[in-house]
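Breakdown of the fold
Letter by letter, the chains look like this.
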Amino acid sequence: MIVIEELVKKFGGNVVLDGVSERIRAGEKVAVIGPSGSGKSTLLRCLNLLERPDGGRIAFEGEDITDPKCDADAVRRRMGMVFQHFNLFNNLTVLKNITLAPARLKIMAEAEAEERARALLARIGLPEKADAYPSMLSGGQKQRVAIVRALAMNPRVMLFDEPTSALDPEMVGEVLDVIREVAEAGMTMVIVTHEMGFAREVASRVVFIDGGKIKETGTPPELFDSPRDARLREFLSKVI
Amino acid sequence: MTAALEWLARQFTITFITGNRYKLFLTGLRNTLIIAFGAVVIGTFIGAIVAMVRVHSAQSGKLKALDKLCGAYLAVFRGTPIVVQLLIMYYIVFAFIDNGISIAVLAFGINSGAYVAEIVRAGILAVDIGQTEAGRSLGLSSGRTMRLIVLPQAIKNILPALGNELIALLKDTSVAGYVTVKDLAQAGENVRTLTAEPYFSLLFVAAVYFLLVMGITKILRVVERRLAKSDRH
């Protein structure tokens, strides 16, 4: 579904991604782990072109999205993204947050978008928050709404950028529950995370990035129980 | 006591009644309001466009030439006194037009636009970049993201500063007399000369400006409170 070839991204003189190649198949749940500053968030942000790669190629469903002629907006409509800091639209109610893009982009009619938004809100247990503004929600509630907002576009793949890193510890569980449910529904997912337990449980494959390079990839048992790369062993010894 | 009252009555009469001088003040007030509000419309329009060009250029690296032009505009109009700009507009740029009010509206509007541009730009930049990223990640274009998400939030940052700009502009228009416009300040000056008495004419004009500023302040406070709706906790 997503083919990444020799991806390079620099910020000024700083090489953040140094020739990353990876292939993500439909239905896979890929957890990306690694030390901070390793380039894992940058990799995720390159996938939906929030960052423009400086080299290499990314193909999404057969289309070269790094081609300058490619319509980035059209690509992003098929990719949902969930941010560390939620980024709900502060000027809109919860319901409008969810329906804005589907209705404005004519993915569905306003009434249909609203009906679907209410159904999604009910599924995450927040039906009564439809008319609340984001400032009235807790962090966990915000992130659950943000996930629903991305899902409302019916994306082909969901990108999660450290979705629980900005949450109070007691709210991590409720957000992970929603992500787990999305995974079980068969969604293709790429999750940048520090939650090793969650990565082990939900991911079908784990990718370890360090210094802008993929150092090791494999199933959770392979990666967590018998890591081969020395940096990975050191990393795991610190975080688990 | 009676002497003081008599003096007041005489001052009042020569300032407002004799020769229907109150009409001079009314005309002055009308002209001042026309210039201030006309200029604010032009200034907000120019300022919003310049600000969006500069923000867009900084974020996307496009529109470089236009961005340079906007930068030059800001430098020139913020770097020279408004009176000089007004005189240049009246005696050089529009020397062929003899309509002081229209030229004053334009001059104050273009001048104000330079300040408004910086106010709007700062207001847009104060909105968390995450809001833009979220909009773009959903496939909304940069224009739509700006219009539907960023600008409505930026307005809350912009409005108080824009109110201050309107107040400053209203008072700045008191130099319109330099280009033969009979504005409120000029009316006061006129009546001072006619009556050969400075007290009533000048203090009255000061009081009118003060009341106008108070009124604007009050209106802005109401609007701000309405806009703060989505910030309630």
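Higher on the page you've got the structure.
Residues numbered from 1 in each chain as written. Chains lettered and ligands numbered in written order. Predicted model: local features only at pLDDT ≥ 70, side-chain atom pairs only at ≥ 80, totals over all residues. Heavy atoms only, no water.

1. Topic: the pairing of strand β7 (residues 157-161) of chain A
Residues and elements named next belong to chain A. We apply this condition: Burial here depends on accessible area, computed with a 1.4 Å probe over protein chains only, as a share of the maximum for the residue type. Under 20% is buried, over 50% is exposed, and the range in between is partly exposed. Put simply, DSSP marks the helices as runs of H or I at least four residues long and the strands as runs of E at least two long, and each gets a number from the N terminus on. Two strands make a pair as long as DSSP finds a minimum of two bridges between them. The crossover handedness rule: strands pointing away from the viewer, path from first strand over the helix to second strand clockwise, crossover right-handed.
When you tally the buried positions in β7, you get five out of five residues, the bulk of the element. Of the two faces of β7, the one carrying Val 157, Leu 159 and Asp 161 and the one carrying Met 158 and Phe 160 are both buried. The pairing of strand β6 (residues 79-82) with β7 spans four bridges and is classified as parallel. Note on β7: the bridge partner recorded for Val 82 is Phe 160. Of the strand pairs in this sheet, β7 and strand β8 (residues 188-192) are connected by five bridges, and their pairing is parallel. Along β8, the bridge assignment pairs Phe 160 with Ile 191. Each parallel crossover has a hand, and the one from β7 via helix α6 (residues 169-184) to β8 is right-handed.

2. Examining a nonpolar patch on the surface
Residue and element names in this part refer to chain B. Heads up, the condition is: Note on patches: the residues involved have over 30% relative accessible area and no salt bridge, like charges join within 9 Å, and the nonpolar side chains Val, Leu, Ile, Met, Phe, Trp and Tyr join within 5 Å. All accessibility values rest on the Shrake-Rupley procedure with a 1.4 Å probe; residue burial counts only the protein chains present in the view. For salt bridges, the criterion is a side-chain nitrogen of Lys or Arg within 4 Å of an Asp or Glu carboxyl oxygen.
Together, Met 1, Leu 5, Trp 7, Leu 8, Tyr 199 and Leu 203 make up an exposed nonpolar region whose accessible area comes to about 720 Å². Looking at the nonpolar patch, the elements with two or more residues in it are α1 (2-17) and α9 (199-227). Of all the elements, α1 adds the most residues to the nonpolar patch, at three residues. Topologically, Leu 203 is positioned in helix α9.

3. Observations regarding the interface of chain B and chain A
What counts, and what does not: Contacts were defined at the residue level, with two residues in contact if any of their heavy atoms lie within 4.5 Å. Values labelled buried area give the accessible surface lost by two parts on being combined, using a 1.4 Å probe and summing over both. The term polar contact refers here to a pair of N or O atoms within 3.5 Å; inside protein, the definition further demands a hydrogen-donor-capable atom paired with an acceptor-capable atom, and it admits residues adjacent in sequence only when both atoms are side-chain atoms.
At the interface, 23 residues of chain B touch 24 residues of chain A. Summed over both sides, the interface between chain B and chain A buries roughly 2,100 Å², with carbon and sulfur atoms accounting for 55% of that surface. Our count for the chain B to chain A interface comes out at two salt bridges. Taking the shortest distance from any N to any O, the salt bridge between Arg 136 of chain B and Asp 73 of chain A comes out at 3.1 Å. Across the contact surface, chain B and chain A share 10 residue pairs in polar contact (both at pLDDT 80 or more). When residues of the side of chain B that touches chain A are traced back to their parent elements, those giving at least two are α6 (129-137) and α7 (142-172) of chain B. Here the side of chain B that touches chain A takes seven residues from α6 of chain B, the largest share from any one element.

4. Some words on the packing of α6 of chain B against α7 of chain B
All names here are of chain B. Short version of the rule: To obtain each axis, a line is fitted to C-alpha atoms, and for helices this fit is confined to the stretch in contact; angles are then taken between N-to-C directions over 0 to 180 degrees. Note on convention: the crossing is left-handed when the near helix lies turned anticlockwise from the far helix by less than a right angle, right-handed when the turn is clockwise. Residues are grouped as follows: Ala, Val, Leu, Ile, Met, Phe, Trp, Tyr, Cys and Pro are nonpolar; Asp, Glu, Lys and Arg are charged; every other residue, Gly included, is polar.
Contact geometry for α6 and α7: axes closest at 9 Å, N-to-C directions at 145°. Considering the relative orientation of α6 and α7, their crossing is right-handed. Across the interface between the two elements, Gln 131, Thr 132, Gly 135 and Arg 136 from α6 touch Ser 142, Thr 145, Ile 149, Val 150 and Gln 153 from α7. Residue composition of the contact of α6 with α7, grouped by class: two nonpolar, six polar and one charged.

5. Focus: the state of the cysteines
Residue and element names in this part refer to chain A. Note the following rule: Pairs of cysteine sulfur atoms within 2.5 Å are identified as disulfides in what follows.
The final tally for this structure, using the stated rule, is zero disulfides over all chains. Not engaged in a disulfide, the cysteine Cys 70 finds its nearest cysteine sulfur in Cys 46; these two sulfurs lie 14 Å apart. Taking the relative accessible area as the measure of exposure, Cys 70 reaches 12% and is therefore buried.

6. With respect to α9 of chain B
Side chains of residues three or four places apart in an α-helix project in the same direction, reflecting 3.6 residues per turn. In plain terms, the rule: For a helix, the expected span equals 1.5 Å multiplied by the number of residues minus one.
Here α9 of chain B is 29 residues long and its end C-alpha atoms lie 42 Å apart, about the 42 Å a rise of 1.5 Å per residue gives. For α9 of chain B, the secondary structure elements touched by its buried residues are α1, α2 (22-60), α7 and α8 (184-195) of chain B.

7. Observations regarding the nonpolar core
All names here are of chain A. Quick reminder of the rule: Here, nonpolar core refers to any group of buried Ala, Val, Leu, Ile, Met, Phe, Trp, Tyr and Cys residues whose side-chain atoms link them within 4.5 Å.
By size, the foremost hydrophobic cluster in this structure holds 41 residues, and its most contacted members are Ile 2, Leu 7, Leu 47, Ile 58, Phe 60 and Leu 159. Excluding its chain neighbours within four sequence positions, the residues that come into contact with Ile 58 are Ile 2, Val 3, Ile 4, Leu 7, Cys 46, Leu 47, Pro 53, Glu 63, Asp 64, Ile 65 and Thr 66. Counting 37 residues, the second largest nonpolar core, distinct from the first, contains Leu 95, Val 145, Ile 147 and Met 187.

8. With respect to the packing of α2 of chain B against α7 of chain B
Residues and elements named next belong to chain B. Counted only if it meets this: Convention used here: angles under 35 degrees read as roughly parallel, angles over 145 as roughly antiparallel, angles from 65 to 115 as roughly perpendicular, and any remaining angle as oblique.
Their axes nearest at 11 Å, the elements α2 and α7 cross at an angle of 140°. By the angle between their axes, α2 is oblique relative to α7. Like other packed secondary-structure pairs, α2 and α7 cross with a definite hand, here right-handed. Residue-level inspection shows Thr 32, Ala 36, Phe 37, Ala 39, Val 40, Met 52, Val 55 and His 56 of α2 in contact with α7, the latter providing Ser 142, Met 146, Leu 151, Leu 166, Leu 169 and Leu 170. The residue makeup of the contact of α2 with α7, split by class, is 11 nonpolar, three polar and no charged.

9. Quick word on helix α3 (residues 64-79) of chain B
All names here are of chain B. Let me state the cut-off plainly: As used here, the arc belongs to the directions running from the helix axis to the C-beta atoms.
If you check α3, its first and last C-alpha atoms are 22 Å apart, about what 16 residues at 1.5 Å a residue would give, namely 22 Å. Of the positions making up α3, those classed as buried are Cys 70, Tyr 73 and Leu 74. All buried residues of α3 project into a common sector of 95° when viewed along the axis, lining one side. Within α3, the exposed residues directed more than 90 degrees away from the buried face are Lys 64, Ala 65, Lys 68, Leu 69, Ala 75 and Gly 79. Contacts from the buried residues of α3 go to α2 and α5 (100-125).

By themselves, these are just geometric observations and shouldn't be taken as functional.
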